[in-house]
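The residues making up each chain are set out below.
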Amino acid sequence: MAEQTFKESFKVVGGQLIDSVKKLVHEGNVRRVIIKQGDQVVVEFPLTVGVIGSMIAPVLAAIGAIAAMMNECTLEVERVKDKPDAEKGAA
């Protein structure tokens, strides 16, 4: 069965961008993060299950540089929909 995904977006100011992305990384159900300014995509990167700190550190450094140049941006997040317990099956 294919995983179901959904997107959500919210506006953040430059100083909140890194904290927001760190929070998303720790949530674990995020598949992709897109940072936009207006309608222009500034950066897009996938988050896979098992991303470890050393692998995400360069991405966060790049986001920090981007945040320093932006006042306001839109953070678009593609999430994997959690399966209800009935669909997960009993183990």
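Our structure is the block above this text.
Residues numbered from 1 in each chain as written. Predicted model: local features only at pLDDT ≥ 70, side-chain atom pairs only at ≥ 80, totals over all residues. Heavy atoms only, no water.

Observations concerning the side chain of Arg79
Mapping Arg79 onto the fold places it in strand β4 (residues 72-80). Among the polar contacts listed, one links the side chain of Arg79 to the side chain of Glu8, at a separation of 2.3 Å. Contacts of Arg79, omitting those with residues within four sequence positions, involve Gln4, Thr5, Phe6, Glu8, Leu24, Glu27, Asn29, Val30 and Arg31. (Helix = DSSP H or I, 4+ residues; strand = E, 2+ residues; numbered from the N terminus. Polar contact = N/O pair within 3.5 Å; in protein donor to acceptor, adjacent residues only side chain to side chain. Contact = heavy atoms within 4.5 Å.)

Quick notes on the sheet that holds strand β1 (residues 5-13)
With antiparallel pairing, four strands are arranged side by side in an open sheet as β1-β4-β2-β3. Each edge of the open sheet carries a strand with a single partner, namely β1 and β3 (40-46). Strand-to-strand twist across the sheet, computed as the mean angle between neighbouring axes with direction ignored, equals 20°. As paired strands, strand β2 (residues 30-37) and β4 are joined by six bridges and run antiparallel to one another. Residue pairing for β4: Arg32 is matched across the bridge by Glu78. (Pairing = 2+ DSSP bridges. Axes fitted to C-alpha atoms, helices over the stretch in contact; angles between N-to-C directions.)

Remarks on the pattern of salt bridges
Enumeration according to the criterion identifies five salt bridges in this entry. For Arg79, the salt bridge is made with Glu8, and the minimal N-O distance between the two is 2.3 Å. Taken together, the residues span a long stretch of sequence, with Arg79 in strand β4 and Glu8 in strand β1 at a distance of 71 residues. On the basis of relative accessible area, Arg79 is assigned to the buried category, the value being 9%. We classify Glu8 as partly exposed; its relative accessible area is 30%. The closest approach of N and O atoms between Arg32 and Glu78, which form a salt bridge, is 3.8 Å. With Arg32 in strand β2 and Glu78 in strand β4, this pair connects stretches of sequence that are 46 residues apart. Its relative accessible area of 26% is what places Arg32 among the partly exposed residues. (Salt bridge = Lys/Arg side-chain N within 4 Å of Asp/Glu carboxyl O. Buried < 20%, exposed > 50% of the residue type's maximum accessible area, 1.4 Å probe, protein only.)

Topic: helix α1 (residues 14-27)
For α1, built from 14 residues, the straight-helix expectation of 20 Å at 1.5 Å per residue is met to within 8% by its first-to-last C-alpha distance of 21 Å. Just beyond α1, the residue with positive phi is Gly28, at close to 90°. (Expected span 1.5 Å × (residues − 1).)

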